[in-house]
Amino acid sequence: MIAATNDATVGAGEALTIGLLTPVTGPGDATAGELIVRAACLGAEYLNERGGVRGGLPVRLVLQNDQPLEEGEIMQRSAVGGLAKLALVDQVHAVIGQWHLRTAPGVSAAAELFGVPLFVENGHSTLTQQRRRTLFRTYFTIADRAPMIADLLVEQGVRKAGILAADTVFGLMNADTIADELTARGVEVLRFDFPQDTTDDVREQLRAVKDFAPDVLINGGVVRTNYMIIQQAAEVGLLPGPMLVVLFPFPMRSQDYWRLAGEVGNHVIWPALLYRPSWPGLTEIGRWFTERYAERFGSFPPDNALNAFTDVTILGQAADAASELSREALIEALETHEFDTWRGPVRFQRDDQHWHHSPPPIVLMQYQQVGQTFDEATIVYPPEARTGTLTRPDRDAQVVR
């Protein structure tokens, strides 16, 4: 895919060169990496179809897997090494694609050392608050979404919450943040953490949660263990029953969700961008991306794909606005200009919470019938964005116990 994208620029000299540092193999989320690569290629395609940047220079991509390929190597080391290769060997102007919270801090430190503009595609709560000059983000954080989830649950009268969390940085940061928000609102929390890489059975923990009689089960699993929690909660009789909240938007991949979660996954609530096929707020650039992605890959693009596309096209606009095609000039342009995106114009804020970060609007969505598509899901929070009323399995006679 990268080669096909770059083929259009063969014979050109200077180019805006963007590195993709993202998981392409395990043990990381290679599915997310594939979606990021797809979208970055479409971002380069969008810019090149419009004459490239700076009056005719093409956009080229360099892909670097951030996952360990040698026995005993850890993901944090392979990711930092990948950033160094892109910066020193490939001489990229900027890097996008960082997906895992566990690799992003080291990669962002290395990008700062080499002066390479870096866009991350994940929700690490404190990463951009370090005020690094090279680090930028257009995605929402865990800290952005947790208060909204807690407010909805309290609105629903939740008094007891059970949490299961994988011991990745993402899993633990999510669990810590939502537990703090719930506790601050007077909700009693029972929480179990488990090793992500070695756990295949959380039935004992789920039985303890069932005995606790929670009003909500908060699923803090990540890739693989997210569905394991749902399946085993059904096996022990915990689901259906309490409300089900998941902490990242994997249900939006509707076909996979219903295939792997089954009917017991109905009524699931998840945080998401205010973005879906029927949403009328897409700009021209957003419509181009969603239509081209559907034409090319046969489905509506998920939010991490949208984000990677957005970051590539922002870099293209920054290259046009920059005084020259260099890393330093790109950073200056990113700090001082406004950019067209799928949701309208974006500027990078510089406040304590959102330094170099322009978060999109967040909503909480819910499936209310088995087999619904992402576009048919109900927006249940915040109140001003609601498209319907939240439904609960303990109040839905259609749920078979």
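The structure presented is a predicted model; accordingly, all values stated were derived computationally and were not measured.

(A) Molecular detail of the pairing of strand E9 (residues 243-246). Of the two faces of E9, the one carrying Met 243 and Val 245 and the one carrying Leu 244 and Val 246 are both buried. Relative to E9, strand E8 (residues 216-220) runs parallel, the two sharing four bridges. What sits directly across from Asn 219, in E9, is Val 246. Handedness of the β-α-β unit built from E8, helix H8 (residues 225-235) and E9 comes out right-handed.

(B) Region of interest: the side chain of Asn 174. Following the sequence through the fold, Asn 174 ends up in helix H6 (residues 169-184). Residue Asn 174 is classed as buried on the basis of its relative accessible area of 4%. The residues contacting Asn 174, other than those within four sequence positions of it, are Ile 142 and Leu 247.

(C) Structural detail: the packing of aromatic side chains. Scanning the entire structure with this criterion turns up 24 aromatic pairs. Grouping aromatic residues by their ring pairs yields a cluster made of Phe 170, Tyr 227, Phe 248, Phe 250, Tyr 257, Trp 258, Trp 270 and Tyr 367. Seen from the ring of Phe 297, Arg 38 lies directly overhead, with NZ or CZ sitting 4.3 Å from the centre. Across the ring face of Phe 212, the terminal group of Lys 160 is positioned such that the distance to the ring centre comes to 4.4 Å.

Criteria and cut-off values
Residues numbered from 1 in each chain as written. Predicted model: local features only at pLDDT ≥ 70, side-chain atom pairs only at ≥ 80, totals over all residues. Heavy atoms only, no water. Buried < 20%, exposed > 50% of the residue type's maximum accessible area, 1.4 Å probe, protein only. Helix = DSSP H or I, 4+ residues; strand = E, 2+ residues; numbered from the N terminus. Pairing = 2+ DSSP bridges. Right-handed = clockwise from strand over helix to strand, strands pointing away. Contact = heavy atoms within 4.5 Å. Phe/Tyr/Trp six-rings, centres within 6.5 Å; stacked < 30°, edge-to-face > 60°. Lys NZ or Arg CZ within 6 Å of the ring centre and 35° of its normal.

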